[in-house]
Amino acid sequence: MTQYEKIDEQLSAWIDAHTEEIVETTRALLRIPSVKGEPAEGAPFGVETRKALDFALGYAESQGLTIKHLEGYAGHAEWRAPGVAEDAPIVGVLAHVDVVPAGDGWRHPPFLAEMDNGVIYARGAADDKGPAMAGLFGVLAAHAVGAPATHRVRVILGADEESGFGCVKYYFEHEEMPATGFTPDAAFPIVYAEKGIANFIVSKELSRPSSGLILESLSGGMRSNMVPDSAEAVVTGSQTDLANAASTLLPLSDVNADHQGDRLIIKAVGISAHGSTPEEGRNAVAVLAKALLTIDGWNASVREAVETVERWGADTTGGTLGVAGADDVAGPLTSNLGVVTFQDGKLTLTFNFRYPVTWDLDTVKTKIAPTLAESGFALDEIHNQAPIYIPTDDPLVATLIGVYQAETGDMSPPLTMGGGTYARAMKKGVAFGPGFPGYATGIHQSDERWPVEHLINSAKIYAKAIVRLANGQ
Ligand SMILES: [Zn+2]
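Predicted model, so just to flag it, every value in this text is computed and none were measured.

1. Quick notes on the nonpolar core
- Ranked by internal contacts, the top residues of the largest apolar core, which has 94 residues, are Trp79, Leu136, Leu157, Phe182, Leu400 and Phe432.
- The leading source of residues in this core is helix H11 (residues 452-470), at 12 residues.
- A domain-level breakdown of this core finds at least three residues from each of domain 1 (2-194 + 388-470) and domain 2 (197-385).
- In this view, Leu136 contacts Ala56, Tyr59, Ala60, Leu65, Ala77 and Val155; residues no more than four positions away in its chain are not counted.
- One finds Phe200, Leu206, Val235 and Trp359 within the second-largest nonpolar core, a separate group that totals 49 residues.

Next comes the structure, spelled out in structure tokens:
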């Protein structure tokens, strides 16, 4: 790496000399409350996300980069060093300027970007407006010091990462796919593997009994990627049956039965958790199903279905569905029964699987098919995000981790995760930073924060990484 020694020094010196500019530009971006809002003209994700895009791209243009707006969905700032062909391959730095809502409990107001003891406090400080600016200033440093390059470099900014990737979908429908790149939206040293994420929606018609207890409805969970923390069932039947059912449920904790006239409303509580770590939660639908099974008087069809819901809902390994498995890269498959509805005789279940990186969607489909057939469930729909797995000896990973290690001296092993980043939107990309080991940035929580030191160090790491990738490394 000796050929980069001199340029590395220049990049670091430029960033050190521009610390105040970097900090103040980042804080100005953080003061725009770019939470997703109502669509408006030229602002499909709300006017504030558009303002954030305009601000960041406008700044990049004022510093000599070429920018392009994509109707408020996304945009990019391109650096093309002298002599680089107009159609040279692109290195992509993919970041987002939208943020999740602030929520409560802030000591530092979420959109003032206050500085306290060298730390910037704001929604988006670490996820992902701060890191987006670290990436942009990395490119600006390369541009300013006249770094040599053979590739174009684009900082691609999206306005809808937090709720569905609508931004990058639109972007890549209209713009060229980078040959390689990274997203500064996870953690250092690097995330080289992200599990596949697949939602499976399955359903089954249940026969309605002519007498006895009748399950009118059953519901739990709002999003496939969360463990349901509440669930509810409505049961009808004779007054005697309902009273018996209520007294059967009485001793159960986490379950509450409310006898209202001709119906019994049964509610259960669980513990929510993210869909990538369902074992940390407790599925309220499974709690409810287990409670329902203590009641006598169901017809066979309903009892069997409730047993199935209990079995599949309580299991976070996928073993009861036949999809359990693991590889030694990113760990085992996880299963989350995230949404359940039973209405008008149709029971619908939505599973969120995080599957091993060496599998593909067909592996999951093949494994689950016998269980579904046996239990009489039809597979209605699948939504799939393929896994990412770039081996640690791949040049992209080796280059990025090499830069990180040289800059920090930190030899922590590369990471894998069950969550999904923007890296999936690229043909070949990984998540690279910006969280440093051992520091909690509080993303998606109150008092989200990022130390200026981390902002500046990230900018240096990104600048050096970008120059190497821009030279085909
Ligand atoms: Zn993010």
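Continuing now.
2. Re the coordination of the zinc ion
- The protein atoms that coordinate the zinc ion are His96 (NE2), Asp127 (OD), Asp185 (OD) and Asp185 (OD), at distances of 1.9 to 2.4 Å.
- Given 4 donor atoms and angles of 54 to 140° at the metal, the environment of the zinc ion is assigned as irregular.
- Mapping the donors of the zinc ion onto the primary sequence yields the spacing H-x30-D-x57-D. Highlighted residues: Asp127 in the loop between strand S5 (119-121) and helix H4 (129-145) and Asp185 in the loop between strand S7 (180-183) and strand S8 (186-187), separated in sequence by 58 residues. Taken individually, Asp127 and Asp185 each receive the classification buried, so the pair is uniform in this respect.

3. What to know about the layout of surface pockets
- In this structure, the largest pocket spans a volume of roughly 1400 Å³.
- Of all the secondary structure elements, the ones that give two or more residues to the lining of the largest pocket are helix H5 (166-174), S8, strand S10 (196-205), strand S18 (346-355), strand S19 (378-385), strand S21 (415-417) and strand S23 (434-435).
- Counted by class, the lining of the largest pocket contains 15 nonpolar, 19 polar and 8 charged residues.
- Estimates place the volume of the second largest pocket at around 300 Å³.
- If you go around the second largest pocket, you meet 21 residues; those closest to its centre are Arg282, Asn283, Ala286, Val287 and Lys290.
- Going through the elements one at a time, helix H7 (284-292), helix H8 (300-314) and strand S17 (334-343) are the ones with two or more residues in the lining of the second largest pocket.

4. Comments concerning the sheet that holds strand S24 (residues 449-451)
- With antiparallel pairing, 3 strands are arranged side by side in an open sheet as S4-S5-S24. Sheet topology places strand S4 (114-116) and S24 at the edges, where each strand pairs with a single neighbour. Sheet twist, expressed as the average angle between the axes of neighbouring strands with direction ignored, equals 30°.
- With 3 bridges joining them, S4 and S5 adopt antiparallel strand pairing. Counted as the bridge partner of Asp116 is Val119 from S5.
- Running at roughly 70° to S24, H11 makes contact with S4, S5 and S24 of the sheet.

5. Details of the domain arrangement of the protein chain
- By the assigned domains, the protein chain splits into domain 1 (2-194 + 388-470) and domain 2 (197-385).
- Taking the mean C-alpha position of each, domain 1 and domain 2 sit 40 Å from one another.
- Taken together, the contact pairs 11 residues of domain 1 with 8 residues of domain 2.
- Carbon and sulfur atoms make up 64% of the surface buried where domain 1 meets domain 2, a total of about 660 Å² over both sides.
- Summed over the three residues of domain 1 that lose the most area to domain 2, namely Tyr389, Gly418 and Arg424, the buried surface amounts to 55% of that side.
- Counting every contact that joins domain 1 to domain 2 gives 0 salt bridges.
- The interface formed by domain 1 and domain 2 holds 2 residue pairs in polar contact (both at pLDDT 80 or more) in total.
- Taken together, the elements giving at least two residues each to the side of domain 1 that touches domain 2 come down to strand S9 (191-194) and strand S20 (388-389).
- Here the side of domain 1 that touches domain 2 takes 3 residues from S9, the largest share from any one element.
- Residue classes in the side of domain 1 that touches domain 2 are distributed as 5 nonpolar, 4 polar and 2 charged.

Rules used throughout
- Residues numbered from 1 in each chain as written.
- Predicted model: local features only at pLDDT ≥ 70, side-chain atom pairs only at ≥ 80, totals over all residues.
- Heavy atoms only, no water.
- Core = buried A, V, L, I, M, F, W, Y, C linked by side-chain atoms within 4.5 Å.
- Buried < 20%, exposed > 50% of the residue type's maximum accessible area, 1.4 Å probe, protein only.
- Helix = DSSP H or I, 4+ residues; strand = E, 2+ residues; numbered from the N terminus.
- Domains from an automatic or database assignment.
- Contact = heavy atoms within 4.5 Å.
- Donors = N, O, S within 2.8 Å, 3.2 Å for Na, K, Ca; no water.
- Tetrahedral: all angles 85-135°; square planar, octahedral: opposite > 155°, others 65-115°.
- 1 Å grid on protein atoms, 1.4 Å probe; cavity = no way out; pocket = protein on both sides within 12 Å on 5 of 7 lines; lining within 4 Å.
- Points joined across faces, edges and corners; volume = space filled by probe spheres on them.
- Nonpolar A, V, L, I, M, F, W, Y, C, P; charged D, E, K, R; others polar.
- Pairing = 2+ DSSP bridges.
- Axes fitted to C-alpha atoms, helices over the stretch in contact; angles between N-to-C directions.
- Buried area = accessible area lost by both parts, 1.4 Å probe.
- Salt bridge = Lys/Arg side-chain N within 4 Å of Asp/Glu carboxyl O.
- Polar contact = N/O pair within 3.5 Å; in protein donor to acceptor, adjacent residues only side chain to side chain.

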